[in-house]
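Now for the letters of each chain:
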Amino acid sequence: SKLYDFTTNFGNPTGGLIQASNGKIFGMTTGPNAGIFQIDIQNGTPTELYSFEVNNGNDGLNPCGSLLQASNGKLYGMTVTGGLYGLGVLFEFDPNTFVFTKKIDFNSAIMGSNPFGSLVQDSNGVLYGMTSSGGLNNGGILFEYIPSGSVFIKLQDFQGISNGLRPIGSLTVSNDGRLFGMTSSGGVNGRSEE
């Protein structure tokens, strides 16, 4: 059953929907009027809770992945553009109070830029993600983010033949705690790398 028709003022949803621990369903739109929304399970109608346009894009624009609810109860996500440098942000959103907090401004060489995928969390509460560009070779980076101390650590620069270039998806955490992901180009054949 179709539950809702997105409109020109509130449309272009990206990523997936998640059901938070409070029972509510959350998702994001890329715009126009990009934002975070909540769905009423009873009637399927979404309500916009936060608009990235409010602060002229300084808190991010164009989210392309999905939200993740971390073990601390907060929702985390990323945007492809916007922020202080126009290269995307990592943000936190409280699903109960609807408070939005920008945590990281991606800045190209040091922290990467333009993340397209979603974040994942390991059993220790650490978040992991990738950017599609930036880093030392402008091929993207693999990073970790520790919510408890707002600590960002670059783990890997994607370089081309040795480990691929430009990841545009999301990571997966295996049962033994390893991270698996893919890049959209690079590798020995210039196609992709796992």
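Quick summary incoming for the structure in this document. Computed from a predicted model, the values in this text were never measured in an experiment.

## Considerations on the overall build of the protein
Then, number 1: Across its full length, the protein carries zero helices and 14 strands.
Then, number 2: If you list the helices and strands of the protein from N to C, you get β-β-β-β-β-β-β-β-β-β-β-β-β-β.
Then, number 3: A compact globule built from 194 residues would reach a C-alpha radius of gyration of about 16 Å, and the protein, at 17 Å, matches this within 12%.
Then, number 4: With the C-alpha coordinates of the protein rotated into their principal frame, the extents come out at 50 × 35 × 35 Å.
Then, number 5: Counting all 194 residues of the protein, 48% fall into the buried class.
Then, number 6: Pairs at least 24 residues apart make up 35% of the contacts formed inside the protein by residues separated by at least 6 positions.
Then, number 7: Surface exposure of the protein reaches about 9,300 Å², of which carbon and sulfur atoms provide 49%.
Then, number 8: When the 9 positive and 14 negative side-chain charges of the protein are each reduced to one mean point, those points stand 3 Å apart.

## Some details on the pairing of strand β12 (residues 151-157)
Then, number 1: Relative to β12, strand β11 (residues 141-146) is paired through six bridges, and the arrangement is antiparallel. Bridge pairing links isoleucine 141 to aspartate 157 in β12.
Then, number 2: Between β11 and the antiparallel strand that follows it, β12, lie four residues; serine 150 among them carries a positive phi value of about 55°.

## Digging into the sheet that holds strand β8 (residues 100-105)
Then, number 1: Pairing within the open sheet is antiparallel, and its four strands lie in the order β5-β6-β7-β8. The sheet terminates laterally at β5 (68-69) and β8, the two strands that pair on one side only.
Then, number 2: For β5 and strand β6 (residues 75-78), the ladder comprises two bridges, and the chain directions are antiparallel. In the strand pairing of β6, leucine 68 is matched with tyrosine 76.

## Notes on the pattern of salt bridges
Then, number 1: Tallied over the full model, the rule gives five salt bridges.
Then, number 2: Notably, a salt bridge pairs lysine 102 with aspartate 105, separated by 3.1 Å at the nearest N-O pair.
Then, number 3: Of the charged contacts, one joins arginine 178 and aspartate 176 as a salt bridge, the two residues approaching to 3.0 Å between their closest N and O atoms.
Then, number 4: According to the relative accessible area criterion, aspartate 176 is exposed, its value standing at 52%.

## With respect to the packing of aromatic side chains
Then, number 1: Under the defined criterion, the tally for this structure stands at twelve aromatic pairs.
Then, number 2: Relative to phenylalanine 100, the ring of phenylalanine 52 lies with its centre 5.7 Å away and its plane at 85°, an arrangement referred to as edge-to-face. Of this pair, phenylalanine 52 sits in the loop between β4 (46-51) and β5 while phenylalanine 100 sits in strand β8; the two residues are 48 residues apart in sequence, bridging distant segments of the chain. Per residue, the accessibility class of phenylalanine 52 equals that of phenylalanine 100, and both read buried.

## What to know about the side chain of serine 118
Then, number 1: Mapping serine 118 onto the fold places it in the loop between β8 and β9 (120-121).
Then, number 2: For serine 118, a relative accessible area of 14% translates into the label buried.
Then, number 3: A polar side-chain atom of serine 118 sits 2.7 Å from the main-chain amide nitrogen of serine 66.

Parameters and conventions
- Residues numbered from 1 in each chain as written.
- Predicted model: local features only at pLDDT ≥ 70, side-chain atom pairs only at ≥ 80, totals over all residues.
- Heavy atoms only, no water.
- Helix = DSSP H or I, 4+ residues; strand = E, 2+ residues; numbered from the N terminus.
- Rg over C-alpha atoms; globule rule 2.2 N^0.38 Å.
- Buried < 20%, exposed > 50% of the residue type's maximum accessible area, 1.4 Å probe, protein only.
- Contact = heavy atoms within 4.5 Å.
- Areas by Shrake-Rupley, 256 points an atom, 1.4 Å probe, with all protein chains shown as cover.
- Lys, Arg positive; Asp, Glu negative; His and termini not counted.
- Charge placed at Lys NZ, Arg CZ, Asp CG, Glu CD.
- Pairing = 2+ DSSP bridges.
- Salt bridge = Lys/Arg side-chain N within 4 Å of Asp/Glu carboxyl O.
- Phe/Tyr/Trp six-rings, centres within 6.5 Å; stacked < 30°, edge-to-face > 60°.
- Polar contact = N/O pair within 3.5 Å; in protein donor to acceptor, adjacent residues only side chain to side chain.

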